[in-house]
Amino acid sequence: SVAEQLTPVLKESKFKECGRITPEEFIAAGDHLVHHCPTWSWAAGDETKAKSYLPKDKQFLITKNVPCLRRCKQMEFSGVERIVEDVEGEEGWVTHDTEGDEDESNENPSEMTLDNSKIDEIRAKNESQNADNNSNDEDDEGEAMDMEDFEESGMLDNVDPSVAIIQPVEKKNPITSESDDSIVHTRTYDLHIVYNKYYQTPHLFLIGYDKDENRKLLTVEEMFEDVSQDNAKKTVTMEQHPHLGPSMLAVHPCRHSDLMKKFIQIAEEGGNELSVHSYLIIFLKFVQSVIPTINYDYSQNITI
Amino acid sequence: MSDKNKVFQYVQLKSVVSPDFWYKLAETKLNIEKLNENSKNIFGSFTNFNSQNCVVNLDCTAFNSHFKPRINSFHCHGTLLNRNTIESFKDSDKAELLKKEGEQLIDNIVNGLCLEDPTLLVPFILLSYADLKKYNFYYWFAFPASIDPVFYENSTPQKLVDVFPQQDIANFNDTYRNFEDQRLVSFFLCNEKLEIKLLKDLIRCDNLEGNLKEVDLNLTYFSFSDPSEYENPAWPLRNFVFMLLKLCPNLIGKQIKVISVRQDSKRTLTPSLIFTLDLQAVKINEKDEIKWTGWERNNQGKLLPKMSSMGESMDPEKLSDHFS
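So, how was this worked out
Residues numbered from 1 in each chain as written. Chains lettered and ligands numbered in written order. Predicted model: local features only at pLDDT ≥ 70, side-chain atom pairs only at ≥ 80, totals over all residues. Heavy atoms only, no water. Helix = DSSP H or I, 4+ residues; strand = E, 2+ residues; numbered from the N terminus. Buried < 20%, exposed > 50% of the residue type's maximum accessible area, 1.4 Å probe, protein only. Contact = heavy atoms within 4.5 Å. Areas by Shrake-Rupley, 256 points an atom, 1.4 Å probe, with all protein chains shown as cover. Buried area = accessible area lost by both parts, 1.4 Å probe. Salt bridge = Lys/Arg side-chain N within 4 Å of Asp/Glu carboxyl O. Nonpolar A, V, L, I, M, F, W, Y, C, P; charged D, E, K, R; others polar. Axes fitted to C-alpha atoms, helices over the stretch in contact; angles between N-to-C directions. Parallel < 35°, antiparallel > 145°, perpendicular 65-115°, else oblique.

Enquirer: Give me the lowdown on the overall build of chain A, citing residues and values where you can.
Expert: Across its full length, chain A carries nine helices and nine strands. The proportion of buried residues among the 304 residues of chain A is 48%. For chain A, restricting intrachain contacts to residue pairs at least 6 apart in sequence, the fraction spanning at least 24 positions comes to 65%. Total accessible area computed for chain A in this model is approximately 14800 Å², and 47% of it derives from carbon and sulfur atoms.

Enquirer: Go over the interface of chain B and chain A, please, and point to the residues and values.
Expert: On the chain A side, the residues contacting the 61 residues of chain B number 49 residues. Between chain B and chain A lies a buried interface of about 4900 Å² when both sides are counted; carbon and sulfur atoms form 57% of it. On inspection of chain B and its partner chain A, the count reaches five salt bridges. Across the salt bridge formed by Asp57 of chain A and Lys68 of chain B, the nearest N and O atoms sit 3.6 Å from each other. Mapped by element, the contributors of at least two residues to the side of chain B that touches chain A are β2 (14-17), α1 (19-33), α2 (86-91), β7 (136-146), β15 (292-295), β16 (306-309), α9 (311-314) and α10 (316-323) of chain B. Grouping the constituent residues of the side of chain B that touches chain A by class yields 28 nonpolar, 15 polar and 18 charged.

Enquirer: Please give an account of the environment of Asp216 of chain B that cites residues and values.
Expert: All names here are of chain B. With respect to the helices, strands and loops of the structure, Asp216 is situated in the loop between α7 (199-202) and β12 (221-225). Classification of Asp216 by relative accessible area gives partly exposed; the value is 39%. Between the C-alpha atoms of Asp216 and Glu192, which are 24 residues apart in sequence, the distance is 9.9 Å.

Enquirer: Any chance you could break down the pattern of salt bridges for me, citing the residues and the numbers?
Expert: This model, assessed by the stated rule, comprises 23 salt bridges over all chains. Across the pair Asp46 of chain A and Lys24 of chain B runs a salt bridge whose closest N-O atoms are separated by 2.8 Å. Linking Asp46 of chain A in the loop between β1 (41-43) and β2 (60-68) with Lys24 of chain B in helix α1, this pair reaches from one chain into another. Of the two residues examined, Asp46 of chain A and Lys24 of chain B, each falls in the buried class. The residue Glu27 of chain B makes a salt bridge to Lys24 of chain B at a minimum N-O spacing of 3.4 Å.

Enquirer: Just give me the short version of the packing of helix α8 (residues 256-269) of chain A against helix α9 (residues 279-287) of chain A, but keep the residues and values in it.
Expert: All names here are of chain A. One can describe the packing of α8 onto α9 by two numbers: an axis separation of 11 Å at closest approach and a directional angle of 110°. Compared by their axis directions, α8 and α9 come out roughly perpendicular. Contact with α8, carried on its side by His256, Leu259, Met260 and Phe263, involves Tyr279, Ile282, Phe283 and Phe286 of α9 and no other residues of that element. The residue makeup of the contact of α8 with α9, split by class, is seven nonpolar, one polar and no charged.

Structure below.
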């Protein structure tokens, strides 16, 4: 954005004071995250879009194929959400009681009690989606060519005995109800943490795939199903990824520094001092309230 | 042994293309290449860290001039052939493209380039057509490999942790993971203490008869970073063995041990395997006799291209719906 271009790079640390970080602090916190959570790594992105105030190889952070076993939208039907934060009189962030229940839910699907009308709604939606998929194969609008048209004779002439045929493992989706219609597809997300120069905070981008359908890219509406409904389309919108190009879901950073400041204060009141190194680990912790069903890795428990 | 005479088999690589790759391809096509149909060198990568499905990943960094894969990932060297029309995409001679790329691989092996940069053993072709009106991308990957030689597996694979002492594995893992130029540990050798030996230091392309002549094959492990999580190794081993047979005629008729280096999510080498290959009955074909294989199959196992619809993240019209 223009505002971002005109904002000077933050040089002095504003971490304690305002909850904001400099690019150097972003790098330090990123190195710390990568060290403690090996599923995260630095990425360079498109070199023509690289930011000069960040090292070439450390433009942003990425973790791939994070499982998302169920839809946030469904979780909220069971009413496990509560409002915990009310940041300075503004509309509060909504969080969910998700602690520990990811594992339990695998063994105990009945925990996800949906009332019948909701089940019907989802079932109807699944059916109509399936119908779409069957009739149009890959493209919703039916504009794409039929891939079978590309079949060629002669390509199978070379028999190759050295190819291992791997049967796709039929992994039972843990969240299925008795009826086959309401199988919840497992999705995977790629998460990206970008440095936002204007807000001087991390900026989370995410993009999702349907794991059960050959890693097909989710539609925007589908991705919004995995965002806490109070944040969907408000704090979470489609935004162009500054290092890659295409648009992805992004958690708007306007409130990050305030929340971070709050965390620092709470820690101080408890006699602890938060180090700027832990910034991203804390950040991921509070962002979890926006995307409660996406199980990304954070290995450290921060006690506040 | 019951497993005797079991043909040694590899799991084919599978392409996974990120949306930002198509975004960059479209940008390059519109602003730079325009109607140019010349082939272009691009990069992909594979990883043996917590890997699934033997995947080769492509994203927008494929077009970077200085390609650096993520940590514990390795270069794949691609030739992008982006066609201007769906007809020329369809009519491209797939067998000829494969042969051309395969012969390039042989040249790189014979002139020693693959010893200097072993990741050149993982080439690919990406044949594509971009329908930029509808943001549909048609594409087909090939990972070239010579069908011959076919050879046999002498025993079931062993686990690395069952064969080597813990301390040797820990030392190896430390050196391996922190190797400055990751490309050199894509394919390499190990001695009986799991010390890394580089291909370029042990094999020469100007004295084939002398290659690995003095080496005790019982104490030598041909090693590679394996993106497979299955009992079979992934495709890249195929070209490695092909190169070894081409450059080290001493190996023909012998048995070799291969370490498939695999890391789990905690970066330990617990999933790593050791294969024993019987190279007795191998036949080395001349360049023009070689039959090439490698076009990717779709999920139904058919030899067909794939298509990605990127309207949702690229079409300004669709995107504006979500901003309103």
